[in-house]
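Overview (structure and organization)
What follows is each chain in one-letter form.
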Number of protein chains: 2
Amino acid sequence: MKLVAVGTMAFDSLETPFGKAEKIVGGAATYIGISASYFTKSTHLVSVIGDDFPGSFLSTLKNRSINLEGVELKKGEKSFFWSGKYHNDMNTRDTLDTQLNVLENFTPVVPEQARNAEFLMLGNLTPSVQSSVIDQMTERPKLIVLDTMNFWMDIALDELKQVLKRVDVLSINDEEARQLSGDYSLLKAAKTIMNMGPKHLIIKKGEHGALLFSSNEVFFAPALPLEEVFDPTGAGDTFAGGFIGYLAATGDISFENMKRAIIYGSAMASFCVEKFGTDRILQLDHEQIEARVHQFIDLTSVEISF
Amino acid sequence: MKLVAVGTMAFDSLETPFGKAEKIVGGAATYIGISASYFTKSTHLVSVIGDDFPGSFLSTLKNRSINLEGVELKKGEKSFFWSGKYHNDMNTRDTLDTQLNVLENFTPVVPEQARNAEFLMLGNLTPSVQSSVIDQMTERPKLIVLDTMNFWMDIALDELKQVLKRVDVLSINDEEARQLSGDYSLLKAAKTIMNMGPKHLIIKKGEHGALLFSSNEVFFAPALPLEEVFDPTGAGDTFAGGFIGYLAATGDISFENMKRAIIYGSAMASFCVEKFGTDRILQLDHEQIEARVHQFIDLTSVEISF
């Protein structure tokens, strides 16, 4: 089924304990699009770039059957730029520089042919911009997934709460779930947040895995213990891309299938962190992905007879 | 099979965000013994108490078929006392007071009839004291599990390394695994630590679950998302008691069975934190434990066909 993913396409400069990468291609839509492309060939990206964005990278995306009609090119302007440095534990980072550039006046336009998409992934952006994308859909998508961050909870909480009423799945990390709900217990936080609108909540816990909640069910996907986390940038978006890509490919939004989608998303994210930027997730094949999914299943597999 | 568990029997005064408990019975051996008693009726505790230790609590333990012959009563002396206050996140705590009392010159003596036990649980104590218990066993136990903490890594690392060479399973938390190994990645830390002696390593991650490592296998047991963690005191020892109690009851120390034991230990620990001290784990029945184990299994259960 058709998938629309909205988000940034950007340059990142990163410093991790393992090294530095200067001005490499990043952005939520980039990671989501690449990750989803392993599952579905009907992905439409909606984003904005400046004319500094490398044409070769656009070709790479097109070669993966990612439709870029919705990516606006602003001549004479620069692409969004973010620079950050990770601490030794890789769970926290400092933002060194943010240059909005083309993002400052980003008004996403969903291409005509994509407005009837059954699956909509709203990457992290101003909540009102996320809302404006939903407005453009000619039919209510079968599933809308929204990613956001603490920044919007700090400065645009009311707008965020408005858009939350319109989505099916919210994807945030544990600290954000606690901030948004005011509850420390993630079980309580999940109940509070699902009362705000989303029928499902994904709480990402980084190296500690991810939780999927619905009104009366909960599922936990572990994170794979890795020798080295090289660069966590984009892991959350890669997870989201794998999650919604798997759902769009199967067309099944039952809780059971969302559990599978969480595992596929987690597997994709576990690849993402192994190299800088998109390097690793551009080099995968289905065999590698299936093998990784097997590792996730094996990790918690236990037979108990009562 | 016979199980010997060595550790403290003590008084704790606790403050958590949910309330205070003054001078309640605690201690590693207490929690281990109670937890193990749901699985095996051949547990021998080795510990030391003062004459302030309540006889009614000793009766409670005896009524659970826990053998207390190895618990030395020091007349005219006071039991070990610890007082602590938990922070809001319940993962960190401040020690307010520690009174060693009877523990100062504790020389554990394993009763004659328990020296051929097949299972030995060494609760957190001075490493040299843990070693002295192994020396007393007439036959090398089938399985020796050791619990320790960062305190001994700080002040008695050499002694700790000596006893590590003599045990089969080490049980520590994630920060302790990082400190002991010098590795940040838990996968690397596990390899480093298993090179120090133990064939298996359990890394406890509190609300994030637990990992079990052997030379070529890894298993992850999630933690159950709970509405409220009331008091985490004793959770690690309750986990250890359930783990080794299950193994002693089944007599099977294969990796597959250790996985089951980890789930049973996790289930016991999830009860422990629901009330102050030993209140909750003294009130369980087998039906409740099996139901909780089912919840753990369901939490990560997913069917994927390739």
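Scope of this entry: the structure provided in the associated data block.

Procedures and definitions
Residues numbered from 1 in each chain as written. Chains lettered and ligands numbered in written order. Predicted model: local features only at pLDDT ≥ 70, side-chain atom pairs only at ≥ 80, totals over all residues. Helix = DSSP H or I, 4+ residues; strand = E, 2+ residues; numbered from the N terminus. Rg over C-alpha atoms; globule rule 2.2 N^0.38 Å. Buried ≥ 20, exposed ≤ 12 C-beta atoms within 10 Å, placed from the backbone. Contact = placed C-beta atoms within 7 Å. Nonpolar A, V, L, I, M, F, W, Y, C, P; charged D, E, K, R; others polar. Axes fitted to C-alpha atoms, helices over the stretch in contact; angles between N-to-C directions. Parallel < 35°, antiparallel > 145°, perpendicular 65-115°, else oblique. Left-handed = near helix turned anticlockwise from the far one by under 90°. Pairing = 2+ DSSP bridges. Core = buried A, V, L, I, M, F, W, Y, C linked by C-beta atoms within 7 Å. Least-squares fit on C-alpha atoms with pLDDT ≥ 70 in both.

When its secondary structure is counted, chain A shows 10 helices and 13 strands. In terms of overall size, chain A behaves like a compact globule, its C-alpha atoms giving a radius of gyration of 18 Å where 306 residues would be expected to give roughly 19 Å. Dimensions of chain A, computed from the C-alpha atoms along their principal axes, are close to 70 × 40 × 35 Å. When each of the 306 residues of chain A is scored for burial, the buried share is 48%. Partitioning the contacts of chain A with sequence separation of at least 6, the portion at a separation of at least 24 is 67%.

Attention shifts here to the interface of chain A and chain B. When the parts of a complex come together, some accessible area is lost, and that lost area is often used as the size of the interface. Across the contact, 28 residues belong to chain A and 28 residues belong to chain B. With five residues, helix 10 (residues 286-300) of chain A is the largest single contributor of residues to the side of chain A that touches chain B. In the side of chain A that touches chain B, the residues fall into 17 nonpolar, four polar and seven charged.

Right, let's get into the packing of helix 1 (residues 28-36) of chain A against helix 8 (residues 235-250) of chain A. Residues and elements named next belong to chain A. Relative to each other, helix 1 and helix 8 sit at 40 degrees, their axes nearing to 7 Å. In terms of their interaxial angle, helix 1 and helix 8 are classed as oblique. Classified by chirality, the crossing of helix 8 by helix 1 is right-handed. The segment helix 1 lies against helix 8, with A28, Y31, I32, G33, I34, S35 and A36 engaging D237, T238, A240, G241, G242, I244 and G245. The residue inventory of the contact of helix 1 with helix 8, partitioned by class, reads seven nonpolar, six polar and one charged.

Moving on: the sheet that holds strand 2 (residues 10-16) of chain A. All names here are of chain A. The strand order across the open sheet formed by four strands is 3-2-6-7, and the pairing between neighbours is mixed. Each edge of the open sheet carries a strand with a single partner, namely strand 3 (19-26) and strand 7 (93-99). Across the sheet, the axes of successive neighbouring strands diverge by a mean angle of 15 degrees, strand direction being ignored. Looking at chain direction, strand 2 and strand 6 (residues 80-86) are connected through six bridges and run parallel. Considered in strand 6, the bridge of A10 is made with F80.

Within the largest apolar cluster, 186 residues are counted, with the highest numbers of intra-cluster contacts made by M121, V145 and I244 of chain A together with M121, V145 and I244 of chain B. Beyond its immediate stretch of four places on either side in the chain, M121 of chain B contacts L3, A5, I32, V145, A240 and I244 of chain B.

The next thing to look at is the sheet that holds strand 13 (residues 217-221) of chain B. In a beta sheet, neighbouring strands are held together by backbone hydrogen bonds and run either parallel or antiparallel to one another. Residue and element names in this part refer to chain B. Strand order in the open sheet formed by nine strands is 5-4-1-8-9-10-11-12-13, with mixed pairing between adjacent strands. One side of each edge strand has no neighbouring strand; the edge strands of this open sheet are strand 5 (66-74) and strand 13. Sheet twist, expressed as the mean angle between neighbouring strand axes with direction ignored, is 15 degrees. With three bridges connecting them, strand 9 (residues 143-147) and strand 10 (residues 169-173) associate as parallel partners. Across the sheet, D147 pairs through a bridge with S171, a residue of strand 10. Relative to the sheet, helix 7 (residues 186-194) contacts strand 10, strand 11 (200-204) and strand 12 (210-214), its axis offset from that of strand 11 by approximately 140 degrees.

All names here are of chain A. The element strand 12 (residues 210-214) is largely enclosed, with a buried count of four among its five residues. Across four bridges, strand 11 (residues 200-204) lies against strand 12 in antiparallel orientation. Considered in strand 12, the bridge of I202 is made with L212. Bridge count for strand 12 against strand 13 (residues 217-221) is five bridges, and the pairing is antiparallel. Directly across from F213, in strand 13, lies its bridge partner V218. Counted along the chain from strand 12 to the antiparallel partner strand 13, the turn is two residues long.

Take chain A, turn it by 180 degrees, move it 0.0 Å along the axis, and it overlays chain B with an RMSD of 0.0 Å. With respect to symmetry, the two chain copies, as superposed, fit the operation of a two-fold axis. Of every C-alpha in chain A, the one belonging to H208 of chain A sits nearest the axis of rotation, 3.0 Å from it. Both copies contact each other with a shared surface, as 100% of the interface residues of chain A are interface residues in chain B too.

In short, the description is geometric, and any link to function would need to be established separately.
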